Amino acid sequence: MSTSSNVLSEEQFLCPICLDVFTEPVSIPCGHNFCKACIREYWNSTVLCQCPLCKDTFNRRPEPKTNTTLRDVGDHFKKMKVTDGEESSSKPGEVAQVQQMIQERLQKVKEIKYSVELSKRDAEREIAGSVEVFTALVRSIERSQGEVIEEVEEKQKAAERQADGLTEELEQEITELLRRGTELDHVHLLQRFPSPIKDWSEISVHRDLHVGTVRRALSRLEDTFQKEMEKSCDAELKMIRQWSVDVTLDPDTAHPKLIVSENRKQVSFQGTRRNIPDNPKRFSTHLAVLGKEGFSSGRFYFEVQVRGKIEWVLGVARESIIRKGQKAVSPDGGLWALKMKGENKYEIKDTPPIPLFLSQKPQKLGVFVDYEEGQISFYDVENRSHIYYFTGCIFTEKLYAFFNPCDNSEGPNSAPLVISPVNHTD
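Criteria and cut-off values
Residues numbered from 1 in each chain as written. Predicted model: local features only at pLDDT ≥ 70, side-chain atom pairs only at ≥ 80, totals over all residues. Heavy atoms only, no water. Pairing = 2+ DSSP bridges. Helix = DSSP H or I, 4+ residues; strand = E, 2+ residues; numbered from the N terminus. Axes fitted to C-alpha atoms, helices over the stretch in contact; angles between N-to-C directions. Salt bridge = Lys/Arg side-chain N within 4 Å of Asp/Glu carboxyl O. Buried < 20%, exposed > 50% of the residue type's maximum accessible area, 1.4 Å probe, protein only. Phe/Tyr/Trp six-rings, centres within 6.5 Å; stacked < 30°, edge-to-face > 60°. Lys NZ or Arg CZ within 6 Å of the ring centre and 35° of its normal. UniProt positions renumbered as here; feature names shortened; annotations may be inferred. Lys, Arg positive; Asp, Glu negative; His and termini not counted. Contact = heavy atoms within 4.5 Å. Core = buried A, V, L, I, M, F, W, Y, C linked by side-chain atoms within 4.5 Å.

This next bit is on the sheet that holds strand β13 (residues 375–380). Taken in spatial order, the seven strands line up as β4-β5-β16-β7-β12-β13-β14 in an open sheet, and their pairing is antiparallel. Taken across any chain shown, the strands that pair with only one partner, and hence form the sheet edges, are β4 (258–260) and β14 (385–390). When the angles between neighbouring strand axes are averaged without regard to direction, this sheet yields 20°. In the sheet, strand β7 (residues 299–305) pairs with strand β16 (residues 417–420) via three bridges, with the strands oriented antiparallel. Its bridge partner lying in β16, Glu-303 is registered against Ser-420.

Laid out in structure tokens, this is it:
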């Protein structure tokens with residue numbers, strides 16, 4: 001079993017501490033494996049509780065977990081080692097095949113554990129990021145609340161000071177009037193009273209001192225939220241770009257009034273119908289074309305330039321979307337899409353359509369699909385903003401990128417839709 005021709009070697013089943021075949025193999029949080037007694041004895045002999053191999057340190061001693069896979073394989077290895085001569089001489093092919101299967105499964109176990117570890121790190125990073133963001137937002141809200149209270153209280157104090165001044169002045173005039181009123185008649189009083197006599201009819205203390213205070217504070221908070229949203233979306237885009245795919249157009253699906261470029265990365269509208277063969281895949285109602293590549297699992301992302309256009313439809317369609325006759329205009333018909341129609345008019349294709357109000361005109365759209373999660377998201381790539389997402393979708397067949405450059409009914413619209421390469425470093 002230890003010869004170079006074997007798929008498995010004895011070294012793969014040796015404890016890193018005792019250098020013997022595993023006895024009661026256990027795994028510790030960093031993923032390394034040891035004999036149960038070996039790792040306990042090692043931890044008892046050291047001040048720090050750490051992994052002997054990678055030196056990861058633990059705040060408190062973890063409870064090692066039995067590695068049942070390694071235990072079973074190790075036991076099997078020991079048995080095979082005892083009968084190595086007989087097994088190898090009688091059925092070498094079968095032994096090698098079993099060893100190969102074991103090796104493949106051990107590798108898969110490592111891959112799964114590694115994926116879980118990466119997922120755990122991502123989750124911890126996401127949690128830490130969310131705590132940082134929401135802590136900052138809470139502080140902004142508390143600060144804004146304090147500023148509102150301070151502003152309202154200061155205005156109220158100013159109003160009270162004004163009222164106190166007016167009241168004092170009025171009381172002085174009243175006292176003077178009472179004193180002189182007993183001595184003189186009215187005409188004589190007016191002649192001797194200090195001139196001019198103040199007209200109090202238009203003087204008052206306003207009650208609506210605080211109108212707009214909360215609204216202005218909320219407006220400032222909205223700016224803060226918007227900045228945090230941009231930062232969050234930027235990080236989100238960087239992450240989902242790892243699932244970018246090389247999408248190309250399928251000319252066999254293109255409507256006869258569409259032109260697909262030779263490199264199959266651009267599609268544009270032309271007014272005349274091309275004389276091309278019809279086929280079951282070709283759209284005859286939608287001015288549309290599908291991507292060549294279909295996806296039935298996992299995640300995928302692509303970007304499309306819409307610069308220079310005033311009308312377009314972009315999204316994802318299922319394989320069975322209606323291509324002849326009635327148009328599919330919603331997820332029920334197998335289309336999940338975003339539409340621009342005229343300057344700054346956007347809507348989600350649904351029944352009825354859902355209007356969108358975008359603060360900036362997108363020049364490049366990003367489309368992200370998570371097949372298992374049933375989610376489709378749209379992004380404004382250059383402005384780093386999230387536009388819309390479909391959630392709770394149930395996908396049961398292949399999905400294809402959907403492109404509709406639209407006609408010139410809204411005005412000059414000859415610019416093509418262009419599938420853009422994804423910049424992973426931006």
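Within the structure shown, the criterion is met by nine salt bridges. The shortest N-O distance in the salt bridge between Arg-161 and Glu-154 comes to 3.5 Å. On the basis of relative accessibility, which here comes to 51%, the residue Arg-161 falls in the exposed class. Of the residues examined, Glu-154 reaches a relative accessible area of 42% and is grouped as partly exposed. For Glu-382, the salt bridge identified is with Arg-307, shortest N-O distance 2.7 Å. Within this pair, whereas Glu-382 is found in the loop between β13 and β14, its partner Arg-307 is found in the loop between β7 and β8 (311–318), the two being separated by 75 residues in sequence. By relative accessible area, Glu-382 is classed as partly exposed at 40%. The class of Arg-307 is partly exposed, set by a relative accessible area of 40%. Beyond isolated ion pairs, a larger network of salt bridges with shared partners links Asp-250, Lys-281 and Lys-292.

Two aromatic rings, taken as a pair, are described by how far apart their centres are and by the angle between their planes. Counted under the stated rule, the structure contains ten aromatic pairs. When the centroid spacing of 4.1 Å and the interplanar angle of 15° are considered together, the rings of Phe-295 and Phe-300 count as stacked. For Phe-295, a relative accessible area of 15% puts it in the buried group. With a centroid separation of 6.1 Å and 50° between ring planes, the pair formed by Phe-302 and Phe-403 is classed as tilted. Placement of the pair is Phe-302 in strand β7 and Phe-403 in strand β15 (residues 399–404), with a sequence separation of 101 residues. Residue Phe-403 is classed as buried on the basis of its relative accessible area of 1%. One aromatic cluster in this structure is built from Trp-336, Tyr-371 and Phe-395. Here the guanidinium or amino end of Arg-299 rests over the ring plane of Trp-243, the centre of that ring lying 4.5 Å away. Seen from the ring of Phe-283, Arg-323 lies directly overhead, with NZ or CZ sitting 5.6 Å from the centre.

Another point: the UniProt feature "coiled-coil region" (unreviewed entry) in the protein chain. The positions that UniProt labels "coiled-coil region" (unreviewed entry) are, in the present scheme, residues 149–176. When the span residues 149–176 is considered, its composition is 100% helix and 0% strand, and the gap between its end C-alpha atoms is 40 Å.

Glancing now at the environment of Pro-355. With respect to the helices and strands, Pro-355 occurs in strand β11 (residues 354–356). For the pair Pro-355 and Leu-338, spaced 17 residues apart in sequence, the C-alpha separation works out to 10.0 Å.

Take the pairing of β14 next. Relative to β14, β13 runs antiparallel, the two sharing five bridges. Following the sheet pairing, Phe-378 is matched in β14 by Tyr-388. Between β13 and β14, which follow one another and run antiparallel, lie four residues, and Arg-384 among them has a positive phi close to 50°.

All right, on to the side chain of Glu-311 then. With respect to the element layout, Glu-311 can be found in strand β8. Buried and unpaired, Glu-311 has Lys-339 as its nearest opposite-charge partner, separated by 4.1 Å. In this view, Glu-311 contacts Lys-339, Met-340, Lys-341, Pro-405, Cys-406, Asp-407, Ser-409, Glu-410 and Asn-413; residues no more than four positions away in its chain are not counted.

Time to look at the nonpolar core. Core analysis: the largest hydrophobic core is formed by 38 residues, its most contacted members being Trp-312, Ile-376 and Phe-403. Those residues in contact with Ile-376, other than ones at most four positions away along the chain, are Val-316, Trp-336, Val-367, Phe-368, Val-369, Tyr-388, Tyr-389, Phe-390 and Phe-395. The next biggest cluster of nonpolar side chains, apart from the first, holds 20 residues, and it includes Phe-34, Cys-38, Trp-43 and Phe-58.

Turning next to the sheet that holds β15. Taken in spatial order, the six strands line up as β6-β15-β8-β9-β10-β11 in an open sheet, and their pairing is antiparallel. Every interior strand has two partners, whereas the edge strands, β6 (289–290) and β11, have only one. By the bridge criterion, six bridges tie β8 to β15 in an arrangement that is antiparallel. Among the inter-strand pairings, Arg-318 is bridged to a residue of β15, identified as Leu-399.

What follows is about unusual backbone geometry. At the junction of Thr-351 and Pro-352, the peptide bond is cis and its omega measures out at -5° in the coordinates. Tracing the sequence through the fold places Pro-352 in the loop between β10 (346–348) and β11. Phi at Leu-19 is positive, roughly 60°, even though this residue is not glycine. Here Leu-19 is to be found in the segment before β1 (25–27). Overall, the relative accessible area of 61% leaves Leu-19 in the exposed class. The backbone phi angle of Glu-24 is positive, close to 50°, even though this residue is not glycine. Relative to the helices and strands, Glu-24 resides in the segment before β1. Classification of Glu-24 as exposed rests on a relative accessible area of 52%.

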